[in-house]
Structure formats: structure tokens, C-alpha cells
Amino acid sequence: GKSILFENAITQSNWTLPSLYALISGRYPMVFNISWFDQTINKRFTVLPELLATTGYHTAIFSNFEILLNPMSFAGHFREREFVELNDNALRTYRNFLSKQNDSLLLFHIGEYVHEPFKAERKYVQHFLDDPETEIHSETIRTLTTIGSEDNLRKLMGKINKRLLRINRKELRYLLASYDAGIFCVDKYVGELYSICREMSDDYLFIITADHGQAFLEHSIFGHGVSLYNEVVDVPLILDFNNSPHAKISPPVQHIDLFPTLIDLLGYKRDFDLDGQTYLHLLQGGDANADMEDRIAISEGYPHVMIRDKDYKLISSYSKFLDSAFVRTYFNSHGRTRSLKKDMISTLMRYLPDRLYDMKMDNGESANVWRKRKDSYRALKLKLDRIVTKAMEDRLPPDMVNLDNEIMNQLKMLGYL
């Protein structure tokens, strides 16, 4: 197809809210510091949908995730918000939106199927099983694949990640099949959305990406929000700008690069800071990998922070660059979830060895090579130190918001509470 495929696209966070805020603000999460669902970005930051709205764009967010539709926080940056579940009605809603708007920005967030619980229908799951007859009757599978399961999903995942509960091979294969089936279901609808977009306009930019991935015990971790390994922070990123020429881009890019790229594309002047770098030349058919060689990408998930370039990836911790006491208070939901355990982890992280992975030879991140590649390790650590130092100068506290009953109920259902 005609598109630009980024082979190494990185999300800025390992969970939804800071990841999407990085996407619309072009800033690193440590700058706006959102650590829970009852927070929103400080009003002094410029966010893309609000900037576009001032120039006449109609902006909207479609999602089935109530937290993103909260008009006091994330949805408040958009003119229109719509609760949309992934079905044929979603296609009608989408078509209707496009038919009414000329200049528009739509963020269509799909939270179904590929976020736990992995609820794809059994007929699709069977396609991805070696033995389609496999029946698994286990409480673990039931909880992880059923919407509204009475058991607390997050507690169950916590038990798995603390090694208090073991997922056997059969269960893991079934969960992976459920996830693949979910991707299949989402993919089908995304294809339809893309077709409608192309059919209704010859002046469009269609972007496919994800706020985070999912871990299936590749590094003994299940789910997301815990680690910064590739399975969680490497995300798809495909752009089609008016049937743009096909290109594959191998140097790393990150979500925060989209904001500067879009405003450069529209020819807007900016008088505010962004952390991302533009790749406008790619949309204009320029040399696919020109000026991309020195790119780096950052991803965050307390207490870890990650940096990678085209060759290596370093997973470190905030405590390596900042005072431990500061880290504890700043990154821990502003003291609301302070605990002795978290205090100890923050301090301990200062002294635990960093992890450096060779991305060309070891994309599965199995061998820590920081002792063998001291120069590469030091270079990446220095870059990360500079970025964290600048971020701390620019940081602003988030604003607090109330969560209504619908949001609280959905957070309970998804196991966050």
C-alpha cells in the first residue's frame, strides 16, 4: 500500500493517559507529570487539538474508554466527544463526522479487544490456536478474557507479576491467541475506517498507532504499565498523507514527533516548546532516512526511564539522574500513594545496574551488554541526563479533576481500582 511505515516507533509511556498526553502535547511525560486518572495537563502547555481549533479546525475524540471522554480532562481539549464502541455503528458515526467537516482532527481511540480483558469471540480465537479444539477452563483465563469479570483483573495481574500465580503454557498460548484475535478484529475495522477516509476526501492524513503494547511474560511480566521492554513500548506507526509514496523508516521515532510534523505541514509558526522533532520531509516525499540517523526516543514508566537510538537501548531509572527523595514525591501521584515499599524501590534504583541492549543483534532484549559496550552506554546515559535536566526545568504540575461514577465504574471493571 501507499504509506510511510516506521519500523521503530516508540510510545512515550507504558500506559494510556501519559502516552496520549505526550501525543497531543509533543512533550515528555516527565514534563507534564500525569500519574493517575484524576489529573489533566497544566493549562500553560499548548496541546494540538486546541491549537488547531483556534484556526478553525473541528476537533473530536471517539472512544469507549470513559476516562478519555471526561470533559474535565482529556476530552476537554476537543470540541466534540463521542462514546463509540467498535461495531458497524462506529463506521456510521465516523462517516457522518467526515461528511460534516472539512478541516478536522479526529482521535479515534480503540480500547476494545487489544486491552485486557481480551474479549475476542471464540470463533476468532480458534484461528490463532494450533489446536482449535483446545478448551481451557481456568479462573485465570476467564478473568483475563471476560468483560465485567467479578474478580479484580488488576489484582490478578499483580499476582502474576509478583510470581504468586503462575500461567502455564497452555493458558499463555490461549491468551496470545485471544490477543491476536483481538488485533484481527480491530484491524478489520481500521481497514474500513481507512477506506471511508480515502473515499470521502483526497486531502487527508491517516495515522495508525497505539498508546502502548502488551507483555505476555517475555520478560516474566504480564500486561502493561510495569516495564519498558519492546513488547510494551514499540508500537505500530503508519502514515498515509494523500496517498503518499511508500517508505520504510528504520531510525527510531516517537509519538511526540507527530505534533511538530503536523504544524510544519500546516505551515504554522510556533512560539512554544516541543520535545519532538519534525519529519515533514518524509510526508513531502523526501529521502526516507535522510536527517534521521541521530534520532533518539524516550519512554517512561515509573520508576524506569528508557532511551534508545538506532543501535542501542538503555533502561535506567529516574533516581539515577535526580535526588531519590524528589523522585519519590514527584512521580508518586504527588504523595497520594506514598508507601514505604515505593520509597525503598526509588532509593534502591539508584544502585541497581542499568540495562543496555544491542537492538541490531538482540531485539528480544535478552542480554545486558552495558559492561561490554561502555562507550555506547555512557553516550546514551549522557543524552538521557541532558533530557531529564531540561525536562525538570520545564515541568509544571498537573491540574486535578473529579471522576464521576461512570468513570469510576469502568476503572473498577478494568481492574484499576
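All figures in this text were calculated on a predicted structure; none of them were measured in a lab.

## Observations concerning the overall build of the chain
Tallying secondary structure elements over the chain gives 15 helices and 18 strands in all. Whereas a compact globule of 417 residues would reach a radius of gyration of roughly 22 Å, the chain reaches 21 Å, a difference of no more than 12%. With the C-alpha coordinates of the chain rotated into their principal frame, the extents come out at 55 × 55 × 45 Å. A total of 417 residues make up the chain; the buried ones form 55% of that total. Considering only contacts within the chain whose residues lie at least 6 apart along the sequence, 69% involve residues at least 24 apart. When the accessible surface of the chain is summed, it comes to about 19500 Å², and 49% of that surface belongs to carbon and sulfur atoms. Treating the 51 positive side-chain charges of the chain as one cloud and the 56 negative ones as another, the clouds have centres 7 Å apart.

## Section: the nonpolar core
Among the nonpolar cores identified, the biggest contains 66 residues, and Phe6, Met30, Phe74, Tyr279 and Ile298 are the most heavily contacted of them. In terms of residues, this core owes the most to one element, helix H14 (residues 374–394), which gives 7 residues. Dropping the residues within four chain positions of it, Phe74 is found in contact with Leu20, Tyr21, Ile24, Thr40, Ile61, Leu68 and Leu107. Counting 42 residues, the second-largest nonpolar core is a separate cluster that includes Ile110, Leu153, Met157 and Tyr204.

## So, a positive patch on the surface
Positive charge collects at one region of the surface, where Arg166, Arg169, Lys170 and Arg173 lie side by side. Along the polypeptide, Arg169 turns up in helix H8 (residues 169–200).

## Comments concerning the packing of helix H4 (residues 88–100) against H8
Running from N to C, H4 and H8 cross one another at 25°; their axes reach a closest spacing of 10 Å. In terms of orientation, H4 and H8 fall into the roughly parallel class. In the crossing of H4 with H8, the sense of the turn from one axis to the other is right-handed. Across from Asp88, Leu91, Tyr94, Arg95, Leu98 and Ser99 in H4, the residues of H8 making contact are Tyr189, Glu192, Leu193, Ile196, Cys197, Glu199 and Met200.

## Let's talk about the packing of aromatic side chains
Under the definition given, this model contains 20 aromatic pairs. Taking 4.8 Å as the distance between ring centres and 45° as the angle between the ring planes, the aromatic pair formed by Phe6 and Tyr279 counts as tilted. Of the two residues, Phe6 is situated in strand S1 (residues 4–6) and Tyr279 in the loop between helix H10 (258–265) and helix H11 (280–283); the sequence distance between them amounts to 273 residues. The pair Phe6 / Tyr279 is uniform in exposure class, with both members buried. Through a chain of ring-to-ring contacts, the aromatic side chains of Trp15, Trp36, Phe37 and Phe65 assemble into a single cluster. Over the aromatic face of Tyr113 sits the side chain of Lys119, whose NZ or CZ is 4.9 Å from the ring centroid.

## With respect to the environment of Ile249
Along the chain, Ile249 falls in strand S12 (residues 247–249). Contact partners of Ile249, with chain neighbours within four places excluded, come to Ile4, Leu5, Phe6, Glu7, Asn8, Leu282, Ala288, Asn289 and Met292.

## Topic: the environment of Glu199
When you line up the elements, Glu199 lands in helix H8. One polar contact links Glu199 to Arg95, side chain to side chain, over a distance of 2.7 Å.

Reading the values: the criteria
Residues numbered from 1 in each chain as written. Predicted model: local features only at pLDDT ≥ 70, side-chain atom pairs only at ≥ 80, totals over all residues. Heavy atoms only, no water. Helix = DSSP H or I, 4+ residues; strand = E, 2+ residues; numbered from the N terminus. Rg over C-alpha atoms; globule rule 2.2 N^0.38 Å. Buried < 20%, exposed > 50% of the residue type's maximum accessible area, 1.4 Å probe, protein only. Contact = heavy atoms within 4.5 Å. Areas by Shrake-Rupley, 256 points an atom, 1.4 Å probe, with all protein chains shown as cover. Lys, Arg positive; Asp, Glu negative; His and termini not counted. Charge placed at Lys NZ, Arg CZ, Asp CG, Glu CD. Core = buried A, V, L, I, M, F, W, Y, C linked by side-chain atoms within 4.5 Å. Patch = residues over 30% accessible without salt bridge, like charges linked within 9 Å, V, L, I, M, F, W, Y side chains within 5 Å. Salt bridge = Lys/Arg side-chain N within 4 Å of Asp/Glu carboxyl O. Axes fitted to C-alpha atoms, helices over the stretch in contact; angles between N-to-C directions. Parallel < 35°, antiparallel > 145°, perpendicular 65-115°, else oblique. Left-handed = near helix turned anticlockwise from the far one by under 90°. Phe/Tyr/Trp six-rings, centres within 6.5 Å; stacked < 30°, edge-to-face > 60°. Lys NZ or Arg CZ within 6 Å of the ring centre and 35° of its normal. Polar contact = N/O pair within 3.5 Å; in protein donor to acceptor, adjacent residues only side chain to side chain.

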